[in-house]
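The lines below spell out each chain.
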Amino acid sequence: MTELKVLEGKKLTVVGYGSQGHAHALNLHDLGMDVTVGLREGSKSWKKAEKAGVKVATIGDAVKGADVVMILAPDEAQPAIYENDIKDNLKSGAYLGFAHGFNIHYKRITPKEDINIFMVAPKGPGHMVREIFEGGHGVPCLAAVHKDLSGDTKEIAYAWANGVGRKVGVIETTFQEETETDLFGEQAVLCGGVTELMQAGFDTLVEAGYNPEVAYFECVHEMKLIIDLVYEKGFAAMRDSISNTAEYGDYISGKKIITEESKKAMKGILTDIQNGTFAKSFIEETETGYKFMDKERDQYSDSKIEEVGSKMRKMVFSK
Ligand SMILES: NC(=O)c1ccc[n+]([C@@H]2O[C@H](COP(=O)([O-])OP(=O)(O)OC[C@H]3O[C@@H](n4cnc5c(N)ncnc54)[C@H](OP(=O)(O)O)[C@@H]3O)[C@@H](O)[C@H]2O)c1
């Protein structure tokens, strides 16, 4: 049984009220589930969650007596939260859920023996998971079971996924597969790959003397319009929708940009994820005060592309 019924009458706790936390908590609350949000003392999210209508308690209190606890704080904060606030408060036989496999797969959290472990990873940023749900639709979720003491952890995971994602679809995976493919996708394609591609295209046009505003529209703004077509209908329909000139240029030039060298780099990225090199370096970064990330953030926020983008977004979205 993967229906929401298996969660009815159970005490559900969502730890954290950020991007994913607010979406899981509010979607399940809207479906009539008994949800408590667990937050640290003095949390800036406390009032926001209460105002949205969910019960709020400190993490320790929210975990005490809970049947299912979903941990939705940042990955790097989760090991300490588990050790300090969850481990000793979580009752025997409870279910502990994650939205990403990082801490279990890389053994940053070793859960105590007497609990069930599962994952529900909605395939979308948290604010979209909520927004799409509010619009009456849902997002697909990945689900996995790491440890099943009770014999029904898969039913719990699927029910959670079907609640948060409004039954759009659940794809079964493992903690290892989700962790490695998720990290690879965001680094090589979705975040790292796409932003560097747009940046390089913008810089090439601007350095060649073209108007930065025109360059921004061509290399950044229109990305969404093309991706929306791919998202809704696939590559072939997107190519059908663009002009023959654009389609011919796509076939001629795409492979000059993404070359065998690029694929070799992708394989290198995947190897670093698989052998734990990336995880180790990310953990070091978080433990030494996010120095590298702060430098990168400053550099990007002061960049030409952001300056032009801010102007263009005002023009496009202010009316
Ligand atoms: N972001 C996404 O769209 C997305 C997509 C798929 C999977 N995931 C996974 O979902 C999980 C949550 O990610 P997220 O991006 O939603 O996290 P997030 O928005 O950064 O989480 C913020 C929440 O965590 C709380 N928090 C932060 N540090 C804490 C600490 N040291 N102690 C206690 N609470 C703390 C914050 O408390 P305050 O309110 O008090 O600041 C806030 O409520 C991660 O495993 C992530 O990999 C995220």
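Source: prediction; values computed, not measured.

**Student:** Account for unusual backbone geometry, with residues named and values stated.
**Tutor:** One non-glycine residue, Lys-167, lies in the positive phi region at around 60°. Its location among the elements puts Lys-167 in the loop between helix 7 (153-164) and strand 8 (170-172). Phi angles above zero are rare outside glycine, and Tyr-290 is one such case at about 55°. With respect to the element layout, Tyr-290 can be found in the loop between helix 14 (277-287) and helix 15 (291-301). Since its relative accessible area comes to 26%, Tyr-290 is described here as partly exposed.

**Student:** Please give an account of the packing of helix 9 (residues 192-207) against helix 10 (residues 212-233) that cites residues and values.
**Tutor:** The axes of two packed helices give the description: the angle between them and the distance between them. Where helix 9 meets helix 10, the axes come as close as 9 Å, and the angle between the chain directions of the two elements is 160°. Accordingly, the angle class assigned to the pair helix 9 and helix 10 is roughly antiparallel. The chirality of how helix 9 crosses helix 10 is right-handed. Of the residues in helix 10, those touching helix 9 at Val-194, Met-198, Gly-201, Phe-202, Leu-205 and Val-206 are Pro-212, Ala-215, Tyr-216, Glu-218, Cys-219, Val-220 and Met-223. By residue class, the composition of the contact of helix 9 with helix 10 is 11 nonpolar, 1 polar and 1 charged.

**Student:** Residues and numbers for the site of the ligand, please.
**Tutor:** Every one of the 23 residues lining the ligand counts as a neighbour, but Tyr-17, Gln-20, Ser-43, Ser-45 and Asp-75 are closest to it. Tyr-17 has a polar backbone atom sitting 2.8 Å from an oxygen atom of the ligand. Between the ligand and Gly-126, the relevant distance is 3.0 Å, taken from an oxygen atom to a main-chain nitrogen or oxygen of the residue. Isolated, the ligand exposes 900 Å² of accessible area, and the fraction of that covered by the protein chains is 76%. Every element with two or more residues in the shell around the ligand is listed here: helix 1 (19-30) and helix 4 (78-86). When the residues that make up the shell around the ligand are grouped by side-chain class, the tally is 10 nonpolar, 10 polar and 3 charged.

**Student:** So what's going on with the nonpolar core? Which residues, and what values?
**Tutor:** By size, the foremost hydrophobic cluster in this structure holds 35 residues, and its most contacted members are Leu-7, Leu-28, Phe-118 and Trp-160. Broken down by element, this core gets its largest block of residues, 7 residues, from helix 7. Not counting the four nearest positions on each side in its chain, Trp-160 is found in contact with Leu-7, Leu-12, Thr-13, Val-14, His-24, Leu-28, Val-68, Met-70, Phe-118 and Val-120. One finds Ile-59, Ala-73, Ile-81 and Ile-86 within the second-largest nonpolar core, a separate group that totals 23 residues.

**Student:** Give a detailed account of the domain arrangement of the protein chain, specifying residues and quantitative values.
**Tutor:** Partitioning the protein chain into domains gives domain 1 (4-173) and domain 2 (191-258 + 289-317). Measuring from the centre of the C-alpha atoms in domain 1 to the corresponding centre in domain 2 gives 35 Å.

**Student:** Could you give me a rundown of the sheet that holds strand 6 (residues 116-122), with the residues and numbers involved?
**Tutor:** Read from one edge of the open sheet, 8 strands run 3-2-1-4-5-6-7-8, paired in mixed fashion. Pairing within the sheet leaves two strands with one partner each, and these edge strands are strand 3 (55-58) and strand 8. Each adjacent strand pair in this sheet contributes to an overall mean axis angle of 25°, direction not counted. Note that strand 4 (residues 68-71) and strand 5 (residues 95-98) share 4 bridges and pair parallel. Residue pairing in the sheet places Val-69 in a bridge with Leu-96 of strand 5. Packing against the sheet, helix 7 makes contact with strand 1 (11-15), strand 4, strand 5, strand 6, strand 7 (141-147) and strand 8, and its axis sits at approximately 25° to strand 6.

What counts, and where the lines are drawn
- Residues numbered from 1 in each chain as written.
- Predicted model: local features only at pLDDT ≥ 70, side-chain atom pairs only at ≥ 80, totals over all residues.
- Heavy atoms only, no water.
- Helix = DSSP H or I, 4+ residues; strand = E, 2+ residues; numbered from the N terminus.
- Buried < 20%, exposed > 50% of the residue type's maximum accessible area, 1.4 Å probe, protein only.
- Axes fitted to C-alpha atoms, helices over the stretch in contact; angles between N-to-C directions.
- Parallel < 35°, antiparallel > 145°, perpendicular 65-115°, else oblique.
- Left-handed = near helix turned anticlockwise from the far one by under 90°.
- Contact = heavy atoms within 4.5 Å.
- Nonpolar A, V, L, I, M, F, W, Y, C, P; charged D, E, K, R; others polar.
- Near = heavy atom within 4 Å.
- Polar contact = N/O pair within 3.5 Å; in protein donor to acceptor, adjacent residues only side chain to side chain.
- Areas by Shrake-Rupley, 256 points an atom, 1.4 Å probe, with all protein chains shown as cover.
- Core = buried A, V, L, I, M, F, W, Y, C linked by side-chain atoms within 4.5 Å.
- Domains from an automatic or database assignment.
- Pairing = 2+ DSSP bridges.

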